[in-house]
Structure formats: C-alpha cells, structure tokens
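# Close look at the chain arrangement
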Amino acid sequence: MKKILTRIFVVLLVIVAVVGGTAYFMLFRNPDDTPDINVTTQPTMVDSSGKSHLVVVDGNGTSYAVVTDAEGNRYAAEYNGNEIGSTVGQVNEQVALSDLPTTTDPAQQIVVTNNPNDYTGNVGTTAPTTAPSTQPTTVPAPDVPSTENKPSEPGPYDLVPYRIEKYEKIFASGTYLMEITTNDPDLGDTPITMAIKNGNMFVNTTIEGMKCDMIFDSRSETMYLIFSDWKKYCKLPEDLMGEDFDMSSMMADFGMDDIGDVTVSTVEINGQELILESYISSVDGSTVNYYFNGDQLVRRDNISKNGVADSIFVSKFMSEVPDSYFQVPDGYGYLNLSWIGALM
C-alpha cells in the first residue's frame, strides 16, 4: 500500500507543480482531441439483502439486473431499484461470470467510522494476553449428543483473534474503501481516500492545496487524474510513471500475505484500551499489528525487522464500494498532458 501511494503522490505533485506553474492557459482552452474513454466498472445495483448485481441494458434502453442459478447461468431479471423480479431471458453469451461483481456476505460487511487523531499516540502495554489462533471448544463424551459447553460467538472485547481475519478477507476480495492518514513524511498527514473494486483503483487527496483524484482503469491499464477545482481530467502520460510502475501487478499483491498464527492482547493508546491482533508477515518477516476498538479497525502498523514502523490511522473503512468512485464526473473537460513529458 505504501509503495503505491508514495509513487502516486510523487507523480501528482509533479503534475500539480508543472500544470499550476506553467500551463494555466492549457486548462481552459477547449481541446478537440477529447478521448473516448470508459473509466468505470460496469454499473451495478445492490438489492435489499446487500448483494450486488451487474446491470445490463437491452436495445430499448430498459435496464435489468443479472442473476445466476446454481450452475452459474446468467439471466436478466426485472428490478425496481431495490428488489429483484422475474427473469426475462438468459444472457450467458453477453455476460461472462468474471463480469459479475463480488459481494461481501451481508453478515461480514464492515463499515467503520473513526476519529483517527484518537489513535496516533505511542502504544502502551496493559497486561498482554496471548490467545490461541482458534477458539477452544469442549468435546462431549462419545455417543452422547450435547449442545452444552459449545463456544458462543466471540464478543467485541473477547481476547479471541477473529477480527484480523475478517479484514484480511476483505483485502483479499479486492473490494474495499479506506480513508486514512499516515505517519509517512512523504505522504504527510493529509487524509487519503483509496477505493479498490474489480481491479480498478481510486485515490483522493489534496496536494499543494489542490484537490486531486486518481482513477486507474484496469481494463485499459490507464491512469487518469481529475482536478475537481478546475473540472478537468487528463490521461496520465506513461513516461511519468516510469517503466517499473506496474499498477496491476502491485494491486495483485494486496491481500497476498499468509497471516499464520495470530496473537491477541490489550494495549493502551492515548488512554484508551484497545485490542491488538498481531502476526509475522510471510512476505518480509515484518510484524503486522492491527488495533481494534471493539470490532472496529482504528490503526495498522507494519514494523520492519529493524524496528521502523509504518502506521496508518483509519477514519473510514467500507467493504462495499459504489461504482461512482471510478467514473469521471459528467461535464468535466479533457486536458491533454502529452506535452508534459517533453517539457520535463
């Protein structure tokens, strides 16, 4: 995550500096080379149960939600914006299984809202306790059916390491939204919103006082910048990113870590008692610490083998992401930045 965000911020800073300092007239002319782009996931709707469905449109402009049967066949179904109705026909030829959105089980969906400043202090230990990575059970005597002594669902303050697994599954699913601040001097303490869905990525932040959005379109392997203050957008020249910048490859690394054995304890930050779940990364041997207020993720530290800590402080986390995050707003004019490479 840090590698991607740091690289993006460097590029954004260069773009803002060059455009803001030398090319005001380029922003407000009306270019005739606006590209025909599709910087969006396919449209989806969410039914009353929280499940996402692909939306398809017939030749008459009527929209339908795509549903599947037990064998994976795809059908167009009527919907009223909330409830799914009757199917009207099979669309296997028009819709591939890979086109269908992934949806988190409603019972596992996560929505977190925090004040990140509450969790930026030093970590103090309060009577640490290590728990096994699985919850213990009591086995009844042979041939004697029993429902007694079976473990109940862990509560939000039980010292059982179940929280980290929920978040790691969300990261591995490739669909989530995070609003964070960091302790990285290169990124600063400006809030950053990052959303990922269907291989696409959205980043929002403010640089040099300017609001900037970045959208990576996985289908075309193209990155776009959106300047909301100017109502302009541009395609990012490839030479600014560098030959070694492979966004699809870096995004594929998200959620690839094997969490292995997880330890759990209680710690204190700014006078608040939090639950810490921790594991050793199988990728680089760093210690990965997740801090929870009850079940809500509030902070994550990656501590390298030499003791350097990279921290993110979570102000918002969502396991469902609206498609609108990956769309260029209507009415935004195109800004051709192909000249920046030559200028630099």
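Residues numbered from 1 in each chain as written. Predicted model: local features only at pLDDT ≥ 70, side-chain atom pairs only at ≥ 80, totals over all residues. Heavy atoms only, no water.

### Let's talk about the overall build of the chain
Each helix and strand in the chain was counted, giving 6 helices and 19 strands. Residue pairs in contact within the chain that sit at least 24 positions apart in sequence constitute 57% of those at least 6 positions apart. Carbon and sulfur atoms form 48% of the exposed surface of the chain, whose accessible area is close to 18,000 Å². (Helix = DSSP H or I, 4+ residues; strand = E, 2+ residues; numbered from the N terminus. Contact = heavy atoms within 4.5 Å. Areas by Shrake-Rupley, 256 points an atom, 1.4 Å probe, with all protein chains shown as cover.)

### As for the pattern of salt bridges
Across all of its chains, the model carries 4 salt bridges by this definition. Measuring nitrogen to oxygen at the nearest pair gives 3.6 Å for the salt bridge that ties Lys169 to Glu165. One end of the pair, Lys169, and the other, Glu165, are both in helix α3 (residues 163–173), 4 residues apart, so they sit about a helical turn from each other. What emerges from the salt-bridge pattern is a single network uniting Arg163, Glu277 and Asp295. (Salt bridge = Lys/Arg side-chain N within 4 Å of Asp/Glu carboxyl O.)

### Things to note about the nonpolar core
Core analysis: the largest hydrophobic core is formed by 38 residues, its most contacted members being Tyr167, Tyr176, Met178, Phe227, Tyr290 and Phe317. The residues touching Tyr290, leaving out its near neighbours within four places in the chain, are Ile164, Tyr167, Glu168, Phe171, Ile275, Leu276, Glu277, Tyr279, Leu297, Arg299 and Arg300. Of all hydrophobic cores here, the second largest spans 12 residues; its members include Ala195, Tyr233, Tyr332 and Tyr334. (Core = buried A, V, L, I, M, F, W, Y, C linked by side-chain atoms within 4.5 Å. Buried < 20%, exposed > 50% of the residue type's maximum accessible area, 1.4 Å probe, protein only.)

### Some thoughts on the packing of aromatic side chains
Scanning all chains against the criterion turns up 9 aromatic pairs. Ring centres of Tyr167 and Phe317 lie 5.1 Å apart, and the angle between their planes is 65 degrees; this geometry places the pair in the edge-to-face category. With Tyr167 in helix α3 and Phe317 in strand β18 (residues 309–318), this residue pair connects regions lying 150 residues apart in the sequence. Phe317 sits in the buried class, given a relative accessible area of 0%. Ring geometry for Phe171 and Tyr176: centres 4.9 Å apart, planes at 85 degrees, overall edge-to-face. The two residues Phe171 and Tyr176 agree in class, both being buried. Here the aromatic residues Tyr167, Phe171, Tyr176, Tyr290, Phe292 and Phe317 are joined through ring pairs into a cluster of three or more. One cation-aromatic arrangement involves Arg299 over Tyr291; the distance from NZ or CZ to the ring centre is 5.3 Å. (Phe/Tyr/Trp six-rings, centres within 6.5 Å; stacked < 30°, edge-to-face > 60°. Lys NZ or Arg CZ within 6 Å of the ring centre and 35° of its normal.)

Just distances and angles here, no functional claims.
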